[in-house]
Amino acid sequence: MLSYIIKRTLAVIPTILLVSIFVFMFVRVIPGDPAALAAGPDATLEARELIREELGLNKPILEQYRNYIIEIFKGDLGTSLKTKRPVNYEIGLRYMNTVKLAGVSLAWSAIVGILIGVFSGKNRSKWQDYLGMTTAASGISIPSFWIGLMLISIFSVKLKILPTVGAGTWKHLVLPAFTLGIGIAAIIARFTRSSIIEILKEDYIRTARAKGLKERWVIWKHVFRNSMISVVTVIGLQCGFLLGGSVITESVFAYPGLGTLLIDSVNFRDYPTIQALILIFALHFIVINLIVDVLYAVLNPEIQLG
Amino acid sequence: MTENKAKNILEIKNMHTYFFTDNGVVKSVDGVDITLKEGSTLGIVGESGSGKSVTALSVMNLLMETKGRVVEGEIIFDGKDILKLSNEDQRKLRGGEIAMIFQEPMTSLNPVLKIGDQITEAILLHTKTTKAEAKIKVLDMLNKINIPRAERIMNEYPFQLSGGQRQRIMIAMALVCNPKILIADEPTTALDVTIQAQILELMKELKDMIGTSIMFITHDLGVVAEVCDEVVVMYCGKVVESADVYSIFENTKHPYTKGLLASIPKLGEHIERLESIPGNVPNPKHMPKGCKFSPRCKEAISICTEKEPEFFEYPDGHKSRCWLCKKEYGGEL
Amino acid sequence: MELEVKNEENGELDKIRTPLAQFIRKFSRQKTAMVALVFIVFIVLLAIFGSMIVPYGIEAFDYSAITKGPSATHFFGTDEFGRDIFSRVVCGTKISLIVGLFSVTIGAICGTFLGLISGYYGGILDSVIMRICDTLFAFPGIILAIGIVAILGPGVGNVIIAVAVFSTPTFARLVRSSTLGVKKSVFVQAARSIGTSDFGILIHHILPSALPNIIVQYTMTIGTSIITASSLSFLGMGAQPPTAEWGLMLSNGRSYMMMYPYIAFFPGFAIFLTVLSFNLLGDGLRDALDPKLND
């Protein structure tokens, strides 16, 4: 199994490299002069040149890339054009907020999604299935910014039991986590359901029933244990959706996380920050998928021992 | 001449199991009477589609993932009609009193659970034992079925075992609770011939040791000759012949059974072509009128294509669903 | 659609259905999908003819009737400029559908093309294309879209490009795996042996086997793209004021959530219903096309 982990990790490295090149090229693909754009329309020639120096745009492209990579390894992600503070600092302020939000959202949506999926899957074509799947279909169709605003309207404005914006207490997490998790719970539910239905057709489930095991035992110990492998994979993939969705949800709730930072940076044309954030999002996604791959090996005895 | 002194442990009476598909109703089992005597091995023989597996699944109430239901009939076990029991009561019988093993050992074990776990599950469910006691019973059973290094196998996963070993595990799993009846649905069909012989030998031994009555479903008459005491032949969802194993081979009555026997190549025989039964099993949507076997029957007479024959019983208990038998006996019973 | 074939055994006529007929039969059995289809047809009609039938112009400011709630004259109420929300929602259908359909079509075409050549020719071409797809996949969809819009600037056209770009790898992967599966099959070899060009093989033999998956994916992606597009507009990076675009309308309505929640409610609800219909349609298509679901 160790060799499997090592192989997977090595396979990821070229992707990371390509991602870094991609992100690097990103900023330099902007039509027009990035220095001029960063400096703003009213900037003087000197100011523009200064910014060009700052951003290192004078040097040959390969050297720029080399410096870029070196700086990343050193942990230096540049300086924010907007606040003039290190990007690291800006990110550091908000990182944990986003992690908390993402974590809570993932936790509740995985649990609810799995429960609905199993509930629907084992009652295929009956009312429970219909109910579960209609809920799930709605869940993936709901625009998060719409439901977010509606929830604010009901819970913060009318009922006044939850805060509208910001972060700090657990109460601040409730509505954003719910909003962010809806789409994910729905997808997990749908996927779990089809996995359960597939597994129920297997011969070994017939054997389990032939042994006289209680239906609930059959579903959770035999069926789900097999579905779990693919369900975990899907949850991992959803983390991408989580990272992306957090951008919108944070914006709706004015939640001080990496998502709002990205939006602000885009509106301000703060390229160093945009660049750093995109890189961070991508890297997180890649690492999460790697973890999922490893989990897959852990849960699948054939890979673990074979 | 055998006296029916032994008790009947299972009686299937006039059972009809139909499948309700999008394309219509398929009458998989269409009025079947089967009796299993205590301590004996009953062979159920037939081609694919004859309804033999469905009969077994009906007894076990394992039709839940399918579109099949038992629409009529009784299954008497232990004095009760199990079809009238609740799903919960039927479940309690499964595994504990009536056990079943299946044809495909490669896919019949859960790939992500350890072997030991899968066997002890059954014991813990049906008997009141502690985990430690259960483990001992399992090891004991594994030794009985000649699995070497039983202790180690307990901690392994199905993919680490061969087909023959997996089938032994299935047998162990089925017999570990000392069931009164074991239904074996083509347990050796998917195995090599040499392994097949081992498994059959094993089943005979265990049967003597534990005293289980066996319902052995197969299409292989050689296996029937090897292990069965009584035989029942099925065609198109009905029983067409039933007798003890000697009578079936030496005194075959039904043309279908005769055809099956004739198509087995015999050692030492010099023939140019193997005999076969002409035609195909009829399409369920286009069942022939009268006797279902008549289109393929060499001995068919005019009444065969008009009326479905009844099940005629000879004095020695040999039964056959054929008008020729009535003719032979001048209309007895 | 139905052929009659003489049954060998008993002389009766059997009906054989073509795959298309079988598909239509299976699909029409699914009630929710049929309802979704009807709704989609309705939406398409609204998109085409909407602007002709709405009671008010989408930019008809009416300062005497600002922020009025839903009523008989203004079904969905009015916004902060007195514009009729109902009219704006109806007209917004056109933009959302155009963005949705265009972006996914471009993505599907590019992705299918890449998937076909990648799977068929293999080798370095395949590695390169797949590596690029992996890289694109490493970015969560919306983040990629935001990035692209950040470079190209805001506007509906750029949103279409952004969504097309992040949809392409999904189609590429899908078609590639179909291609790999079919490439080795006998009928492809047979076609090659009689001299069919590569292009001919790709179009006539390989593409059709991938088509069901492409269609299902296409339908499901329309939903995603409509949500992504309106999300971008909501964030200020997509459609610009005073366009009547649903996401943009929600963004406007945000400031008025406290007192006039309906300003944001109706456009958002429109997005929800539209996306739901496409998703349900996609589900129905997938169930009808999936051979495994035959009992």
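Each remark here, short or long, concerns the structure printed above.
All figures in this text were calculated on a predicted structure; none of them were measured in a lab.

Draft legend 1. Structural view of the nonpolar core. Counting residues in hydrophobic clusters, the biggest one holds 227 residues, and the most contacted among them are A172, I183 and M215 of chain B together with A145 and I146 of chain C. In terms of residue count, the dominant contributor to this core is helix α8 (residues 170–200) of chain A (16 residues). When sequence neighbours within four positions are dropped, the list of residues in contact with M215 of chain B reads L36, L42, I44, A56, I181 and I183 of chain B.

Draft legend 2. Looking closely at unusual backbone geometry. Residues and elements named next belong to chain B. With a phi angle near 50°, N14 is a residue other than glycine that sits in the positive phi range. Take N14: it is sitting in strand β1 (residues 8–21). Taking the number of C-beta atoms within 10 Å as the measure of exposure, N14 has 11 and is therefore exposed. Positive phi, normally seen in glycine, also occurs at D78, with a value near 55°. Mapped onto the fold, D78 is located in the loop between β4 (68–77) and β5 (80–81). Given 12 C-beta atoms within 10 Å, D78 falls into the exposed group.

Draft legend 3. Fine view of the sheet that holds β4 of chain B. All names here are of chain B. The four strands lie next to each other as β2-β1-β4-β5, forming an open sheet whose pairing is antiparallel. Each of the sheet's edge strands pairs with one partner strand only, and the pair in question is β2 (24–37) and β5. With two bridges connecting them, β4 and β5 associate as antiparallel partners. Bridged to I76 within β5 is D81. Of the strands in this sheet, β1, β2 and β4 are in contact with helix α1 (residues 52–60), which crosses β2 at around 75°.

Draft legend 4. The arrangement of the sheet that holds strand β11 (residues 312–313) of chain B in detail. All names here are of chain B. In spatial order, the strands read β6-β7-β8-β3-β9-β10-β12-β11; together these eight strands make up an open sheet with mixed pairing. In this open sheet, the two edge strands, each paired with only one partner strand, are β6 (98–101) and β11. Sheet contacts for helix α6 (residues 163–175): β6 and β7 (181–185); angle to β6, the most-contacted strand, approximately 170°.

Draft legend 5. Structural detail: the packing of helix α5 (residues 87–122) of chain A against helix α12 (residues 271–299) of chain A. All names here are of chain A. One way to put it is that α5 packs onto α12 with a least axis distance of 10 Å and a crossing angle of 55°. Classed by the angle they form, the pair α5 and α12 counts as oblique. In this structure, α5 meets α12 at a crossing whose hand is right-handed. Of the residues in α12, those touching α5 at V87, E90 and I91 are P272, T273, A276 and I280. In the contact of α5 with α12, the residues fall into five nonpolar, one polar and one charged.

Draft legend 6. Looking closely at the packing of α6 of chain B against helix α7 (residues 193–210) of chain B. Residue and element names in this part refer to chain B. The contact between α6 and α7 brings their axes to 11 Å, and the two run at 15°. With respect to their mutual orientation, α6 and α7 come out roughly parallel. Viewed along their axes, α6 and α7 form a crossing whose handedness is right-handed. Contacts between α6 and α7 involve G164, Q167, R168, I171 and L175 on the former and, on the latter, I195, Q198, I199, L202, M203, L206 and I210.

Draft legend 7. Region of interest: the interface of chain C and chain A. Contact with chain C, which involves 36 residues of that partner, is made by 38 residues of chain A. Of all the secondary structure elements, the ones that give two or more residues to the side of chain C that touches chain A are α4 (123–137), α5 (141–152), α8 (198–234), α9 (246–254) and α10 (262–289) of chain C. Here the side of chain C that touches chain A takes 10 residues from α10 of chain C, the largest share from any one element. Across the side of chain C that touches chain A, the residue classes break down as 23 nonpolar, nine polar and four charged.

Rules used throughout
- Residues numbered from 1 in each chain as written.
- Chains lettered and ligands numbered in written order.
- Predicted model: local features only at pLDDT ≥ 70, side-chain atom pairs only at ≥ 80, totals over all residues.
- Core = buried A, V, L, I, M, F, W, Y, C linked by C-beta atoms within 7 Å.
- Buried ≥ 20, exposed ≤ 12 C-beta atoms within 10 Å, placed from the backbone.
- Helix = DSSP H or I, 4+ residues; strand = E, 2+ residues; numbered from the N terminus.
- Contact = placed C-beta atoms within 7 Å.
- Pairing = 2+ DSSP bridges.
- Axes fitted to C-alpha atoms, helices over the stretch in contact; angles between N-to-C directions.
- Parallel < 35°, antiparallel > 145°, perpendicular 65-115°, else oblique.
- Left-handed = near helix turned anticlockwise from the far one by under 90°.
- Nonpolar A, V, L, I, M, F, W, Y, C, P; charged D, E, K, R; others polar.

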